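Understanding the architecture of this molecule
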Amino acid sequence: MTAITFTNSKNQQRCEFVPLNPGNVRLYVCGPTVYDRAHLGNARPVVVFDVLYRLLKHVYGHECVTYARNITDIDDKIIERAAALEISIDRLTTMTTEWFHQDMAALGVDYRDDPNFFEPRATDFVADMLSMIEQLVAKGHAYVAEGHVLFSVKSYSDYGALSGRTVDEMIAGARVEIAPYKRNPMDFVLWKPSTEEQPGWDSSWGRGRPGWHIECSAMSYAFFGDSFDIHGGGGDLMFPHHENEIAQSQCCHPNGEFARYWLHNEMLRVDGKKMSKSLGNFFTVRDLLNQGISGDEIRLVFMSTHYRKPMNWTEEKLEQAKVTVNKWRELTAGVESSGTPETVLDALKQDLNSSLAITELHQLAAKGDIEALKGGANFLGLFQTPDQKQKTADAAIPISAINRIESLIKQRTAARSISDYRLADAIRDNLASIGITLTDDVVESTWSYDPDHPNFGRWELLD
Ligand code: AMP
Ligand code: ZN
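1. Structural notes on the side chain of Ser152
- You can see Ser152 is positioned in the loop between strand 7 (148-151) and helix 5 (167-173).
- Sequence-distant contacts of Ser152, that is, excluding residues within four places in its chain, are made with His141, Ala142, Tyr143 and Asp187.

2. Brief notes about the coordination of the zinc ion (ligand 2)
- Protein-derived ligands of the zinc ion (ligand 2) are Cys30 (SG), Cys216 (SG), His241 (NE2) and Glu245 (OE), with the metal-ligand distances lying across 2.1 to 2.5 Å.
- Classification of the site at the zinc ion (ligand 2) as irregular follows from its four donor atoms and the range of 76 to 130° in their angles at the metal.
- For the zinc ion (ligand 2), the donor residues sit on a single chain with the sequence spacing C-x185-C-x24-H-x3-E. Here Cys216 is found in helix 6 (residues 212-224), whereas its partner His241 is found in helix 7 (residues 238-252), with 25 residues between them in sequence.
- For His241, a relative accessible area of 1% translates into the label buried.

3. Digging into the confidence of the model for the protein
- Per-residue confidence for the protein averages 92 on the pLDDT scale, and 96% of its residues sit at or above 70.
- With pLDDT under 50 throughout, residues 389-395 is counted as low confidence; its partners more than four residues away or in other chains account for 10 contacts.

4. Observations concerning the site of ligand 1
- Within the structure, ligand 1 sits among 16 residues, and Gly41, Gly234, Asp236, Leu268 and Met275 are positioned closest to it.
- Within the backbone of Leu268, a nitrogen or oxygen atom sits 2.7 Å from a nitrogen atom of ligand 1.
- The fraction of the free accessible surface of ligand 1 (490 Å²) that becomes covered by protein chains is 87%.
- Ranked by the residues each element gives to the shell around ligand 1, the list is headed by helix 1 (residues 40-60), at three residues.
- Classifying every residue of the shell around ligand 1 gives seven nonpolar, six polar and three charged.

5. With respect to the packing of aromatic side chains
- This structure, assessed with the given rule, holds 21 aromatic pairs.
- Each ring, one from Tyr159 and one from Phe188, has its centre 6.5 Å from the other, and the planes form 25°; the classification is stacked. Here Tyr159 is found in the loop between strand 7 and helix 5, whereas its partner Phe188 is found in strand 8 (residues 188-193), with 29 residues between them in sequence.
- On the accessibility criterion, Phe188 (6% relative accessible area) is buried.
- Considering the side-chain rings of Phe258 and Trp262, the 6.0 Å spacing of their centres and the 55° angle between planes classify their relative orientation as tilted.
- The lysine or arginine in question, Arg183, covers the ring of Tyr143, its NZ or CZ lying 3.8 Å from the ring centre.
- Across from the ring centre of Tyr35, 5.2 Å away, lies the NZ or CZ of Lys277, which sits over that ring.

6. A short note on helix 9 (residues 295-303)
- In terms of burial, helix 9 is a largely internal element, nine of the nine residues being buried.
- Buried within helix 9 we find Gly295, Asp296, Glu297, Ile298, Arg299, Leu300, Val301, Phe302 and Met303.

Reading the values: rules and limits
Every chain's residues receive numbers from 1 upward, in the order its sequence appears when written. Whichever chain is written first becomes A and whichever ligand is written first becomes 1, with later ones labelled in order. Totals for whole chains, interfaces and linings use every residue, but because this is a predicted model, local features are given only for residues with pLDDT of at least 70 and side-chain atom pairs only at 80 or more, for both listing and counting. With hydrogens and water excluded, all non-hydrogen atoms of the structure serve as input to the side-chain values. Put simply, DSSP marks the helices as runs of H or I at least four residues long and the strands as runs of E at least two long, and each gets a number from the N terminus on. We call two residues in contact whenever any of their non-hydrogen atoms come within 4.5 Å of each other. Shown as donors are all N, O and S atoms within 2.8 Å of a metal ion, widened to 3.2 Å for Na, K and Ca; because water is not in the atom set, sites may appear incomplete. When four donors show all angles between 85 and 135 degrees the site is tetrahedral, when four or six donors have opposite pairs over 155 degrees and all other angles between 65 and 115 it is square planar or octahedral respectively, and in every other case it is irregular. Under the scheme applied here, a residue whose accessible area is under 20% of the maximum for its type counts as buried, over 50% as exposed, and between as partly exposed, the area being computed with a 1.4 Å probe on protein chains only. pLDDT is defined as a per-residue confidence score from the predictor, taking values between 0 and 100. The criterion for a residue being near a molecule or strand is simple. One of its heavy atoms has to lie within 4 Å of it. Residues adjacent in sequence count toward polar contacts only when both atoms are side-chain atoms; beyond that, a polar contact is any pair of N or O atoms within 3.5 Å, and within protein one must be able to donate a hydrogen and the other to accept it. Only the protein chains shown count as cover for residues, and the accessible areas themselves come from Shrake-Rupley with a 1.4 Å probe. Gly is placed with the polar residues, together with every amino acid not listed as nonpolar (Ala, Val, Leu, Ile, Met, Phe, Trp, Tyr, Cys and Pro) or charged (Asp, Glu, Lys and Arg). Each Phe, Tyr or Trp ring, with Trp reduced to its six-membered ring, pairs with another whose centre is within 6.5 Å; inter-plane angles below 30 degrees give stacked pairs, above 60 give edge-to-face pairs, and intermediate values give tilted ones. Lysine NZ or arginine CZ positioned within 6 Å of the ring centre and within 35 degrees of the ring normal marks a charge as sitting over the ring.

Right, here's the structure in full:
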């Protein structure tokens, strides 16, 4: 059997993957901070590590692989967004977590019935975080200053090893938050005080809340102990987030190895720049789905680029993916799969080379081996929802109509905000008359459509 190899970010070397215990292979991936819809960049690691999870389950057995991907539901961005929307933090995080699940399920990532997938929420693990912070203080790796607990980077000689930089190089290169109470500008927050209005938990240092980095150290320890196999996430997290996770975990549990293999996906870019909320150059997965682009098409575009390469999202790639998805769907309709082809597995075993796996599928299609094509496509998470594409094809909504619908929804939101319910209801009824249903949420209204509605497609009725 071919061995699995990965490029381990620890040393940038390709090496064979040897799990600590093949009967219990453990994968941890940093999950989303839940305050908004996931943008397309956020979906890239979700798909990349889904492919990895599928491969590990195939090689080691379904019940022998455990995957934990956290939900960050404590964060200053969450506090700010909830305040701006005048809703509770709990409402915001619950709702956006649900959106995340729905959007990722459309991309073929749906773990609702998977007993080996865990999705710990940070707020449920504050006691674990406090216990780690206390140990770090007791061991001299952390200190208390002005109600904050800070990790002392000088206390850990390997700090920076993952990204291969020394503390001094990092200070020179990073925008570090300067605070008078920090002994070293690179020291980072483990715990910080909360005001009355901010969420907080009681601790030996007063009421406060954890910093972001300690969340993953505590949750990975709670599920996997002091040594586990693979830690994944976007390359943008390598520094400082992953350096800090390593420092905390290794200082707290010096006899453990923490994560033995680190895998980082490269960024999804728009015009050469990382897609990110802060740059404003983003669109959400939901935006694309609402335009009638199917999850299979988005997934195929993602998998066609190796995870360690930056990727530009282009119309051209999307158009190509549409053609391929259509063709493969037609070819494999009603066909019985002959199982996962070895060529596809071998491609994935080579540092998760999903683009090579897709090339293999093209070759199977060209050869007319449609049973193997079906097996390979299913293994890669394609065509899991048989009628999704069909429905989208029947219900193709032109961009001009989507723009019109979206602009009516904006008008309606504005009308609701000044309590003009007559106009708001008129707009809702107008949309309903052609089969578009609105669902109001505190944050936004989402819409769905019924392609079987007698007036569906009569966009002129919206004018
Ligand atoms: P965040 O919610 O910003 O903490 O990000 C959640 C996940 O999305 C992390 O694993 C990030 O590394 C990843 N991520 C954010 N932006 C991008 C992007 N443009 N391309 C690929 N991954 C991204
Ligand atoms: Zn993390």
